[in-house]
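An overview of the molecular structure
This is what each chain is made of:
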Amino acid sequence: MTANTAYTASSHEATKNSFSRRALIGGTAALGAVGLLSACGNGSASSEKTKAAGAGANIEDLYNINAQDVNSLKKGGTLRLPAGSIGPNFNFYTQSGNTSDNVNVMSTISQAGMWNLDFDGTYKLNTDFAVSFEHSKKGDKIQVVVKLNPKAVFNDGTPITYKALQSTWNIFKSLDNGYNIVTSGIYEFVESVEKGEDDYSATVTFSKPFYPLQSLFSEILHPALEDVELFNNGFVDEPHPEYWAGPFTLADKGWDSTAKTFSVVPNDKWWGTKPLLDKIVFTQMESSAARAAFKNDEIDAIGASTSSTYAEVKNIAGTELRKGTRLYAGGLDINPRRVKDAALRKAIFVGTNREALANIQFQGLPYEETIPGSMIHMPFSPYYQDSYPTPNNSVSEAQKILEAAGYTKNGDYYEKDGTKAGCAVVVFGDDPTNKGKAQTFTQQMKDVGIEIRIDQHADSEFATILGNWDYDISFSGYSVSADATESTKQFYYSENNEGIGSKEIDALIDAMTLIEDDKERNLACNEIEKKHMAEFAFLGTITNGPDFVMVKKTLANYGPHLYKSMDWTAVGWMNS
């Protein structure tokens, strides 16, 4: 599954993409921040402009991790990384914990799942946890036989058996069981999970098909998490390393809630490939603090996908820019739980000059792209379709929508039933790019006749505010997977949006999940998205953006990695 990380916040980027649920990402760059002190030197950020990848793109051009044979790298060392927001809920399978920063940080210690992804998004069996995954049809039902790796254990010593698979199913199978999950995904269609020939095998029977089947057990949860209170609230300010399994584990006193540092060390209970590094330290930082830290050699990498960060860090000695494609879509997230009038949301969609906002986002960056039109497919995907409603970028058309819905102009703004047409846009962090977009958006909406207020917050508040739906509009968005099945259901199924949607679209989604052919199913997702955007207008696209990361030149196997699951064991330092 993918965490609901669908959102992107200023310096939040997901790295473990073996989930099927989308993760929240902030609107600017992953790992991003602003610096104060200047450092001169011969950094290697090329000024050559990168164009966003489109149809027919070569996958190998879309990532750059400085791939090196682990046997040639140093053993030991520390990696220091910034994060826009760490915690407070470390259970990244919850609504409030499912942000890309949390997914990234926790991916060092929480690897339990049956699948890894390659750079192109194809699934590979994760042999640290699984031996085999075979499916067949029994009458009109699909059955999957899973065999687990008997070496696999959670950190508290609990073996990973069929019982963990049953617990995972019990937690995710319904939105009505009290667990604060993002979406039920494939588990809603599982009828039973039964013990197989021994404790390390299980037979999974589906009530009806759901594709792709590889989204099953992308995550394996500790049976203790069946406790609803523990699942929902027990990880607030407490990472609980005993319930996870991975090559690293939390260091002694590794979570410092005052200093906002999260430190991990090699896990002596890990049975798989041992990591090269002695320690990884994540530090929560605002953009400006992270930029200063990178220039002062206090961190080893920084997201450079905003003009302010790129300009400050591009020429630092001993560093280089690694360019890739950011698996992100969004930039116009209107919360229908708060902005309840669909006509107002549609008017905002139609009246927004997306090109102007994108120009602010990319000004000063060696990057350009065509405005994207899909939340579920990247433009280089063979399934991509522009689904954004037309006409758009039109003040007059936006005003027609408001007037047809009964709004009348009173001074600068429209109103209806004595209430002014308006809401607030939430802005996170101190990166000037975000502030510039907010100011421009406010003026665009004033031209339409909609009053927008700016609601400023620290980067550290991103997870709490967006996870609890405590906002009207955000420039955030979601991570994008190679297959759109689960994101289509997560974004557009009415049950996942407190009933906002339609029975007609729900029926289209139900039918889509039954389509076995990948191409046919993903093209069906496009038509669902197009219809939902036109009718309900609450997830809109302004940018995809680049994945630019400035790193120490000698850091290996780290950087923009497209769909590939992050392999923390291979990250290390070159000898020269």
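Residues numbered from 1 in each chain as written. Predicted model: local features only at pLDDT ≥ 70, side-chain atom pairs only at ≥ 80, totals over all residues. Heavy atoms only, no water.

Some words on the pairing of strand β19 (residues 413-416)
Pairing analysis gives three bridges linking strand β18 (residues 408-410) to β19, with the strands arranged antiparallel. Across the sheet, Thr 408 pairs through a bridge with Glu 415, a residue of β19. Here β18 hands over to β19 after two residues, with Gly 411 in that stretch at a positive phi of 75 degrees. Bridge analysis of β19 against strand β20 (residues 419-420) gives two bridges, and the strand direction is antiparallel. Bridged to Lys 416 within β20 is Thr 419. A loop of two residues connects β19 with β20, the two strands running antiparallel in sequence, and Asp 417 in this loop sits at a positive phi of about 55 degrees. (Pairing = 2+ DSSP bridges. Helix = DSSP H or I, 4+ residues; strand = E, 2+ residues; numbered from the N terminus.)

A few points about helix α7 (residues 354-362)
Inspection of α7 places Arg 354, Leu 357, Ala 358, Ile 360, Gln 361 and Phe 362 among the buried residues, and these make up the whole buried set. Residues of α7 that are buried sit in contact with α5 (307-313), β17 (367-368), α9 (432-448), β25 (539-543) and β26 (546-552). The backbone nitrogen of Glu 355 has a side-chain oxygen 3.3 Å away, supplied by the residue at the start of α7, namely Asn 353. Of the residues flanking the end of α7, it is Gly 364, one or two places downstream, whose phi is positive at about 90 degrees. (Buried < 20%, exposed > 50% of the residue type's maximum accessible area, 1.4 Å probe, protein only. Contact = heavy atoms within 4.5 Å. Polar contact = N/O pair within 3.5 Å; in protein donor to acceptor, adjacent residues only side chain to side chain.)

Overview of the packing of helix α12 (residues 503-512) against helix α13 (residues 518-536)
Across the interface, α12 lies against α13 with an axial gap of 10 Å and an inter-helix angle of 165 degrees. Between α12 and α13, the angle is such that the two are roughly antiparallel. In the crossing of α12 with α13, the sense of the turn from one axis to the other is left-handed. Contact with α12, carried on its side by Glu 504, Ile 505, Leu 508, Ile 509 and Met 512, involves Arg 521, Ala 524, Cys 525, Ile 528, Lys 531, His 532, Glu 535 and Phe 536 of α13 and no other residues of that element. (Axes fitted to C-alpha atoms, helices over the stretch in contact; angles between N-to-C directions. Parallel < 35°, antiparallel > 145°, perpendicular 65-115°, else oblique. Left-handed = near helix turned anticlockwise from the far one by under 90°.)

Overview of the sheet that holds β26
Ordered by their spatial adjacency, three strands build an open sheet running β14-β26-β15, and the pairing between neighbours is antiparallel. Every other strand in the sheet has two partners, leaving β14 (301-303) and β15 (319-325) as the edge strands with one partner each. Looking at each pair of strands side by side, their axes are set apart by 20 degrees on average, direction ignored.

Comments concerning the pattern of salt bridges
Throughout the structure, instances matching the rule amount to 24 salt bridges. We note a salt bridge from Asp 199 to Lys 195, for which the minimum N-O separation is 3.1 Å. Glu 312 serves as the salt-bridge partner of Arg 291, at 2.8 Å between the closest nitrogen and oxygen. Placement of the pair is Arg 291 in helix α4 (residues 287-295) and Glu 312 in helix α5, with a sequence separation of 21 residues. Residue Glu 312 is classed as partly exposed on the basis of its relative accessible area of 26%. (Salt bridge = Lys/Arg side-chain N within 4 Å of Asp/Glu carboxyl O.)

Side note on the UniProt feature "domain: Solute-binding protein family" (unreviewed entry) in the chain
Those residues carrying the UniProt feature "domain: Solute-binding protein family" (unreviewed entry) are residues 138-497 in this numbering. Annotated as 26% helix and 25% strand, the span residues 138-497 places its first and last C-alpha atoms 34 Å apart. (UniProt positions renumbered as here; feature names shortened; annotations may be inferred.)

Topic: the pairing of strand β13 (residues 279-284)
Of all six residues in β13, five are buried; the element is thus mostly enclosed. Relative to β13, strand β4 (residues 78-83) runs parallel, the two being bridged by six bridges. Bridge pairing in β13 places Leu 79 opposite Ile 280. Sheet analysis places strand β12 (residues 261-266) next to β13, joined by four bridges and oriented antiparallel. Counterpart to Phe 262 in the pairing with β13 is Phe 282.

What to know about the packing of aromatic side chains
Note on aromatic pairs: each is described by the distance of the centres and the angle between the planes. Here the structure, examined in full by the defined rule, presents 28 aromatic pairs. Judged by centre distance (5.9 Å) and plane angle (80 degrees), the ring pair of Trp 115 and Tyr 123 falls under edge-to-face. Under the relative-accessibility criterion, Tyr 123 is labelled partly exposed at 30%. Taken together, the ring pairs connect Phe 92, Tyr 93, Phe 172, Tyr 187, Phe 217, Phe 235, Tyr 243 and Trp 244 into an aromatic cluster. Lying across the ring of Tyr 328, Arg 326 places its NZ or CZ 4.3 Å from the centre. Above the plane of the ring of Tyr 388 lies Arg 354, whose end atom (NZ or CZ) is 3.7 Å from the centre. (Phe/Tyr/Trp six-rings, centres within 6.5 Å; stacked < 30°, edge-to-face > 60°. Lys NZ or Arg CZ within 6 Å of the ring centre and 35° of its normal.)

Comments concerning α4
Summarising burial for α4: seven of the nine residues are buried, a large majority. Where α4 is concerned, the buried positions are Ser 287, Ala 290, Arg 291, Ala 292, Ala 293, Phe 294 and Lys 295. Looking at the buried residues of α4, the elements they touch are β4, β14, α5, β15, α9 and β26. Positioned one or two residues after α4, Asp 297 has a phi angle of 60 degrees, which is positive.

Structural notes on the side chain of Arg 521
You can see Arg 521 is positioned in helix α13. A distance of 3.3 Å separates a polar atom in the side chain of Arg 521 from the backbone oxygen of Glu 516.

Looking at the nonpolar core
Most often, soluble globular proteins keep nonpolar side chains buried together rather than apart. Leu 332, Ile 348, Phe 441, Ile 450 and Ile 473 are the most contacted members of the largest nonpolar core, which totals 79 residues. There are two domains that each give this core at least three residues, and those are domain 1 (61-93 + 100-109 + 237-326 + 547-573) and domain 3 (328-544). For Ile 348, the residues in contact, after removing those within four places along its chain, are Leu 332, Ile 334, Cys 423, Phe 441, Met 445, Ile 450 and Ile 473. Grouped together as the second largest cluster of nonpolar side chains are 73 residues, Tyr 93, Ile 186, Val 193 and Ile 220 included. (Core = buried A, V, L, I, M, F, W, Y, C linked by side-chain atoms within 4.5 Å. Domains from an automatic or database assignment.)

Details of the domain arrangement of the chain
You'll often see interface size given as the accessible area lost when the parts meet. Here the domain parsing of the chain yields domain 1 (61-93 + 100-109 + 237-326 + 547-573), domain 2 (115-230) and domain 3 (328-544). Linking domain 2 with domain 3 are one salt bridge. With a closest N to O distance of 2.5 Å, Glu 188 and Lys 489 form a salt bridge. Classifying every residue of the side of domain 2 that touches domain 3 gives eight nonpolar, five polar and four charged. (Nonpolar A, V, L, I, M, F, W, Y, C, P; charged D, E, K, R; others polar.)

Side note on the confidence of the model for the chain
Looking at the chain, pLDDT values average 91 and 92% of them are 70 or higher. Below pLDDT 50 for its whole length, residues 27-43 participates in 88 contacts with residues either more than four positions away or in separate chains. (pLDDT = per-residue confidence, 0-100.)

Re the layout of surface pockets
Here the second largest pocket is characterised by a volume of approximately 390 Å³. Forming the walls of the second largest pocket are 19 residues, and the residues nearest its centre are Asn 116, Asn 126, Asp 128, Met 566 and Asp 567. For the lining of the second largest pocket, the secondary-structure elements that each account for two or more residues are β5 (115-117) and β6 (123-125). A per-class count over the lining of the second largest pocket returns seven nonpolar, seven polar and five charged. Two domains each provide a minimum of three residues to the lining of the second largest pocket, namely domain 1 (61-93 + 100-109 + 237-326 + 547-573) and domain 2 (115-230). (1 Å grid on protein atoms, 1.4 Å probe; cavity = no way out; pocket = protein on both sides within 12 Å on 5 of 7 lines; lining within 4 Å. Points joined across faces, edges and corners; volume = space filled by probe spheres on them.)

What to know about the sheet that holds β4
Either a parallel or an antiparallel arrangement is found when strands of a sheet pair, and the pairing is made through backbone hydrogen bonds. Reading across the sheet, the four strands line up as β4-β13-β12-β11 and stay open at both edges, with mixed pairing between neighbours. Each of the sheet's edge strands pairs with one partner strand only, and the pair in question is β4 and β11 (248-256). Strand after strand, the sheet turns through a mean of 20 degrees between neighbouring axes, direction not considered.

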